[in-house]
Amino acid sequence: MNIKKQEYQKLVSEKAPPSPIFKDCLWAFFVGGFICALGQFLLEGYKMSELDLESAKTLVSVTLIFIAAVLTAIGVFDKIAKRAGAGTLVPITGFANAVVSPAIEYRAEGFVLGVGAKMFTIAGPVIVYGVVASVLYGVIYWTTSLF
């Protein structure tokens, strides 16, 4: 069985085109950097409109989520992600895409059994892990602060 696996791996490596790693890394770097620069531009704009820093940060997050959700809904985000790879996984835009993609895919099954049930299939484990990790961190922090 192991010999067949090795033969298969050899065949795949011979037939697969080489991956342009340097070019892929550059695309990821520039697209991720563009998303971050857009966030900074939005933050500065919201601060200039006389919002306090916390409100401006919240609006930046909401705006980036909205933009990523709209781009996912119209099919543009996937085209960008195909080219930029990990560059689109800047946490907030990647998370928005992970929530909206399954919702769009399962909308034909209805709002409850389709969108509602499947919306968090990708992002759900991330949410659960984040909540559990934050609770554990909070308990550890609280316990150590007692001493």
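Before any of the text, the structure's been laid out above.
Residues numbered from 1 in each chain as written. Predicted model: local features only at pLDDT ≥ 70, side-chain atom pairs only at ≥ 80, totals over all residues. Heavy atoms only, no water.

## So, the overall build of the protein chain
Here comes step 1: If you tally the helices and strands in the protein chain, you get seven helices and zero strands.
Here comes step 2: Of the regular secondary structure in the protein chain, the N- to C-terminal order runs α-α-α-α-α-α-α.
Here comes step 3: Burial analysis of the protein chain (147 residues in total) assigns 21% to the buried set.
Here comes step 4: For the protein chain, contacts bridging at least 24 residues in sequence account for 51% of all contacts bridging at least 6.
Here comes step 5: Roughly 11100 Å² of accessible area belongs to the protein chain as shown, and the carbon and sulfur atoms make up 72% of that amount. (Helix = DSSP H or I, 4+ residues; strand = E, 2+ residues; numbered from the N terminus. Buried < 20%, exposed > 50% of the residue type's maximum accessible area, 1.4 Å probe, protein only. Contact = heavy atoms within 4.5 Å. Areas by Shrake-Rupley, 256 points an atom, 1.4 Å probe, with all protein chains shown as cover.)

## Some remarks on the packing of aromatic side chains
Each aromatic ring pair is characterised by the separation of its centres together with the angle its planes make.
Here comes step 1: Evaluated as defined, the whole model comprises two aromatic pairs.
Here comes step 2: Considering the side-chain rings of Phe 29 and Phe 30, the 5.3 Å spacing of their centres and the 75° angle between planes classify their relative orientation as edge-to-face.
Here comes step 3: A centroid spacing of 6.3 Å and a plane angle of 20° characterise the contact between Tyr 137 and Tyr 141, whose relative ring orientation is stacked. Residue Tyr 137 and its partner Tyr 141 are located together in helix α7 (residues 124-145), separated by four residues, close to a single helical turn. The residues Tyr 137 and Tyr 141 share a single accessibility class, namely exposed. (Phe/Tyr/Trp six-rings, centres within 6.5 Å; stacked < 30°, edge-to-face > 60°.)

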